[in-house]
Amino acid sequence: MDRYARWNALLELLTETGRVSVEDASVRLDVSQATIRRDFDQLAQQQMITRTRGGAVANGVSYDLPLRYKSAKHSAEKQRIGEAAAGLVTPGTVVGLNGGTTVTEVARALAVRPDLNTGGEGSQLTVVTNALNIANELLVRSRMKIVVAGGVVRPQSFEVVGPLGGALLNEVTLDIVLLGVDALDVELGAASHHEGEAAMNSLMVARAKRVVVIADSSKLGGHAFARICPITRVDTLVTDSGAPPTTVAAFREAGVTVICA
């Protein structure tokens, strides 16, 4: 387990328990106590946790962990989902992408598709995004046209929120939006933990001809604070093979095409 995977595991553990000792963390992660002490010290320096005698306590850590600490969670599933979702994009279209680890995998899969990067007439892909890391992934590895919404950057997700970005989104039309969410439920629809991100995502949905939700199976059937859109607005769900058959059946019954990668 590399350092960032350990940090992610420690932060998730603190989110669940509020407090953890060096000894307990060492046993759970199967690493030495010296390694755990170093991890705790480094996380405390970044104000992610508070060190205590013999352990650490949560310091405002919640479900909204910074993106760089989420990357190791469900990584294999997210890569498969990203490849499957990227396969839904055709050359010459306008694609909306928000932020998050799963959408990052979508961007990486789009960047290496040769048919989207030829630069030929009518084949260039236009990507509209409110996530700085998504724009960077595509800029350094592709020949796509990248349009970035303005506003205030959230350091947890690298997403831009606020009325400045909304003004841009109101002036564009998207052929397809590939939307990462924090939760997707048949009754409650798609949702985000942060109201600013939900508002931007809702605008993308409103401007899109086709809405594809990107979510690993851990997010299905859950709920989050701010709604993005109702389930009736979702055309396709791309998830992983770990999604329960009953959950998949419920989404299909609601009229959503489900792709299990």
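In this report, we go over the structure that sits alongside the text. This one's a predicted model, so the numbers in the text were calculated from it and none came from an experiment.

A closer look at the packing of helix α5 (residues 75-86) against helix α6 (residues 101-111)
Next up, step 1: Relative orientation of the contacting elements α5 and α6 amounts to 50°, with a least axis distance of 7 Å. Compared by their axis directions, α5 and α6 come out oblique. For the pair α5 and α6, the sense of crossing is right-handed. Each of Lys78, Gln79, Ile81, Gly82, Glu83, Ala85 and Ala86 in α5 lies in contact with α6, whose residues at this interface are Thr101, Thr102, Glu105, Val106, Ala109 and Leu110.

As for the sheet that holds strand β10 (residues 183-185)
Next up, step 1: The three strands are arranged β10-β11-β13 in an open sheet whose pairing can be described as antiparallel. Both edges of this open sheet fall to β10 and β13 (226-229), since each of them pairs with a single strand only. Taking the axes of each pair of neighbouring strands and ignoring which way they run, one obtains an average angle of 35° across the sheet.
Next up, step 2: Of the strand pairs in this sheet, β10 and strand β11 (residues 189-192) are connected by three bridges, and their pairing is antiparallel. Paired with Ala183 across the bridge in β11 is Ala191.
Next up, step 3: Its contacts with the sheet put helix α9 (residues 195-206) on β11 and β13, and the angle it makes with β13 is roughly 10°.

Let's talk about the state of the cysteines
Next up, step 1: A full pass over the atoms with the stated rule returns zero disulfides.
Next up, step 2: Of the cysteine sulfurs around Cys229, a residue in no disulfide, the closest is that of Cys260, at 19 Å.
Next up, step 3: Among the residues examined, Cys229 registers a relative accessible area of 3% and is labelled buried.

Considering the sheet that holds strand β12 (residues 208-214)
Next up, step 1: What the seven strands build is an open sheet, ordered β6-β5-β4-β9-β12-β14-β15; its pairing is parallel. Looking at strand neighbours, the two that pair on one side only are β6 (145-148) and β15 (257-260), the edges of this open sheet. Looking at each pair of strands side by side, their axes are set apart by 20° on average, direction ignored.
Next up, step 2: When strand β4 (residues 94-97) meets strand β9 (residues 174-180), the two strands line up parallel, connected through three bridges. What sits directly across from Val95, in β9, is Ile176.
Next up, step 3: The strands touched by helix α7 (residues 132-139) are β4, β5 (126-129) and β6; relative to β6, the strand with the most contacts, the crossing angle is about 165°.

Some remarks on the pattern of salt bridges
Oppositely charged side chains are able to pair whenever their charged atoms sit close together.
Next up, step 1: In total, this model carries eight salt bridges according to the counting rule given.
Next up, step 2: The partner of Arg6 in a salt bridge is Asp39, and the shortest N-O contact between them spans 2.7 Å. Here Arg6 is found in helix α1 (residues 3-17), whereas its partner Asp39 is found in helix α3 (residues 33-45), with 33 residues between them in sequence.
Next up, step 3: Looking at Arg6, the relative accessible area reads 12%, which means it is buried.
Next up, step 4: Residue classification places Asp39 among the buried positions, given a relative accessible area of 1%.
Next up, step 5: Salt-bridge contacts for Arg154 lead to Glu197; the nearest nitrogen and oxygen are separated by 2.6 Å. Of this pair, Arg154 sits in strand β7 (residues 152-154) while Glu197 sits in helix α9, and the two are 43 residues apart along the sequence.
Next up, step 6: Given a relative accessible area of 6%, Glu197 falls into the buried group.
Next up, step 7: In this structure, a network of salt bridges that share partners links the residues Glu105, Arg108 and Glu137.

Thoughts on the environment of Glu83
Next up, step 1: By the element assignment, Glu83 lies in helix α5.
Next up, step 2: Among the residues examined, Glu83 registers a relative accessible area of 57% and is labelled exposed.
Next up, step 3: Expressed as a C-alpha distance, the spacing of Glu83 and Arg108, which sit 25 residues apart in the sequence, is 8.5 Å.

Some details on the nonpolar core
Next up, step 1: Counting residues in hydrophobic clusters, the biggest one holds 31 residues, and the most contacted among them are Val181, Leu184, Ile228, Leu237 and Phe251.
Next up, step 2: Sorting the residues of this core by element identifies β9, α9, β12, β13 and α10 (245-253) as the ones contributing at least two each.
Next up, step 3: Per element, the largest residue contribution to this core is four residues, and it comes from α9.
Next up, step 4: Beyond its immediate chain neighbours, meaning those up to four positions away, Val181 contacts Ala190, Ala191, Val213, Ile214, Ala215, Lys219 and Ile228.
Next up, step 5: Counting 26 residues, the second largest nonpolar core, distinct from the first, contains Ile81, Val89, Ile146 and Leu178.

Cut-off values and rules
Residues numbered from 1 in each chain as written. Predicted model: local features only at pLDDT ≥ 70, side-chain atom pairs only at ≥ 80, totals over all residues. Heavy atoms only, no water. Axes fitted to C-alpha atoms, helices over the stretch in contact; angles between N-to-C directions. Helix = DSSP H or I, 4+ residues; strand = E, 2+ residues; numbered from the N terminus. Parallel < 35°, antiparallel > 145°, perpendicular 65-115°, else oblique. Left-handed = near helix turned anticlockwise from the far one by under 90°. Contact = heavy atoms within 4.5 Å. Pairing = 2+ DSSP bridges. Disulfide = S-S within 2.5 Å. Buried < 20%, exposed > 50% of the residue type's maximum accessible area, 1.4 Å probe, protein only. Salt bridge = Lys/Arg side-chain N within 4 Å of Asp/Glu carboxyl O. Core = buried A, V, L, I, M, F, W, Y, C linked by side-chain atoms within 4.5 Å.

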